[in-house]
Structure formats: C-alpha cells, structure tokens
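Residue-level structure breakdown
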Amino acid sequence: MTVPAAMSLPAHAWAAWSPCTTGCVAHAAGRVPATRAARRAAVFGRSVMGALLSGQKIAEPERLRARAAALLDSLGIRLEVTGDTGLSAPGGTGTLVVANHISWLDVIALLAIEPVVMLAKREIADWPLIGPMVTRAGTMYIDRGSLRELPETVREMAARLRDGQSVMAFPQGITWCAGTGGSFRRATFQAALDAGAPVRPVTLDYVQHGAPTTVAAFVGEDDFGASLRRVLRADGLTVRVDLHRPLRPMRAVDDRRRVAAQAQATVCGARLPLHHEVAALELAR
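Worth saying up front: this structure is predicted, and the values here are computed from it rather than measured.

Describing the pattern of salt bridges
Under the definition given, this model contains 10 salt bridges. Notably, a salt bridge pairs Arg 65 with Glu 62, separated by 3.3 Å at the nearest N-O pair. Placement of both Arg 65 and Glu 62 in helix 2 (residues 61-74) is noted, with a separation of three residues, approximately one turn of the helix. On the basis of relative accessible area, Arg 65 is assigned to the partly exposed category, the value being 29%. Of the charged contacts in the structure, one is a salt bridge between Glu 156 and Arg 160, with a shortest N-O distance of 3.1 Å. Taken together, the residues Glu 156 and Arg 160, both in helix 5 (residues 150-162) and four residues apart, mark about one turn of the helix. Through salt bridges with shared partners, a single network forms among Arg 78, Glu 80 and Arg 240.

So, in structure tokens, the structure goes:
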C-alpha cells in the first residue's frame, strides 16, 4: 500500500506520528469582526507580559492558575469543567494527569484548573510569548527525537510524584485535530507505577456555540502565529475538560501497557478517530 506524502510514517517505530495537517483545521462558526480580534490580541499580549513581569513568582500555584485563566479570557475562550474539581487525586503522592492533545491551549486550560508540572516537547521553550512563561512555571522538557533521554525523564517524573507534585503528560506524544487518534505511549505510565501514584485521565474537547470544532487544533506544519490568529477570530469557542475518576494502578498487578490502555479507553471512550485509515496503519505496524 502506498502512503500519501502527508501521511508518511515516522523514521522510528517509537516516534509519535499524526496525519493531521492544517487542512484539518476549520471554524465551525462565523468569525468575530477584525476589530474584536484586535482587542483580544491586545489584551492577550498584556496578559502574557504581566505573567512574564511576575518573574519566578509565576510558579506560585494561585498566581499561575489566575494567569492561565486570564489568558483564556483574553482570547474569548470559555472553560467548562466536569467531573472532579481538581486534577490531583487525594493521596500521599502526586497524580499523573494524562489527556488527549489537540492544541497549545490544552496546557493553558489545564493550568487554569490546577497548576501542575507540565511535561512538554522542548520546542515549546522557544515559542514567542508562551515559551518563557511556561518555562518559568516549572515545565519539564523532553526531546521527542532522543529515545536515550526517556529513562531519565521517567525517573524524574517518578521522583516528583513521590514528592507530592502532580505531573501532566500528553501520552499521544503529538497533537491530533480532534484529539482521538493515535495510541497512548506507555513510558510515562511507568513513572506512576514506580511512584505508587494514581493516574487521572482527562478528556479535552473544543466546541464553537456547542458544535465540535477543529479551529483550536495546532497540527502538522502549523506555526504559533497562524494558530493564534485563528483563535483570535474564533466565535463562541469553549474548551471542555472532563476530569475522569482516577485510576489507581498497583505495581504488583498492573504493568504500564495495561494502565496506558485503561487510560486511553477512559479518555477517548467509544469515539473513533477522524482518520480511520491511520488507525488501520498503526495496527499494521
């Protein structure tokens, strides 16, 4: 079978891969007037600068949560949360929080619920505006192209979980336009098993006036500036966050494959990926 160029398989079997491109991205409602988008951009810029001027104080939990909520508000994005009131589950350790991945907005939405340590690709540190802010907030960075870094990253995650810090990861390893494609990578779940920590599955969805939308998706060869401009023009955009009941894996019974499968089933439910042919390709590999 010949795979189209836009769907070329990754160079390494372990590398995360998505077929989504900017062709997947579209508004599901009319665009706001340019004047309103400009006002949003100005408020967003001021909100980011305010966060940067906070210096290292941005890492203070309540300050970080408030800044993240202000960023969503500046973009005209509504946050709806169902399930529990926070990301961390009760217990003596931190919680490994795992979610599907659609957009750079995912991180802001989750921080607006509860500040946790984020595990993110190293490239984010170089993004304008957002990069310096999330770095100061204590984000853990990982080089997606270096398999050798993975064991050390898992050890650091486990150590933070033992110390009571909750850690947020996107096990798909890459964004999908609707957040339902790809398989959950298993390595991060080893950190929860090693630390004896619970796993909180989280489902993210974006809608415009209640209709599913891909306008917030940050996929393929998209760049931050283009994505931000789309979001600024989006009308009635809401990010819905469903906080599922925590999983409590036991190292003597579970392994990371089983926990990853349970988490993926909880996050994605019965929903099918938009790219059914990709699911078939992944099963064939």
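A word on the packing of helix 2 against helix 3 (residues 105-113)
Where helix 2 meets helix 3, the closest approach of the two axes is 7 Å, and the angle between their N-to-C directions is 130°. As judged from the angle between their axes, helix 2 and helix 3 are oblique. The crossing of helix 2 and helix 3 is left-handed. Contact residues: helix 2 offers Leu 64, Arg 65, Ala 68, Ala 69, Leu 71 and Leu 72, while helix 3 offers Leu 105, Ile 108, Ala 109, Leu 111, Ala 112 and Ile 113. A breakdown of the residues in the contact of helix 2 with helix 3 according to their chemical character gives 11 nonpolar, no polar and one charged.

So, how was this worked out
- Residues numbered from 1 in each chain as written.
- Predicted model: local features only at pLDDT ≥ 70, side-chain atom pairs only at ≥ 80, totals over all residues.
- Heavy atoms only, no water.
- Salt bridge = Lys/Arg side-chain N within 4 Å of Asp/Glu carboxyl O.
- Helix = DSSP H or I, 4+ residues; strand = E, 2+ residues; numbered from the N terminus.
- Buried < 20%, exposed > 50% of the residue type's maximum accessible area, 1.4 Å probe, protein only.
- Axes fitted to C-alpha atoms, helices over the stretch in contact; angles between N-to-C directions.
- Parallel < 35°, antiparallel > 145°, perpendicular 65-115°, else oblique.
- Left-handed = near helix turned anticlockwise from the far one by under 90°.
- Contact = heavy atoms within 4.5 Å.
- Nonpolar A, V, L, I, M, F, W, Y, C, P; charged D, E, K, R; others polar.

Read these as layout, nothing more, since geometry by itself doesn't imply function.
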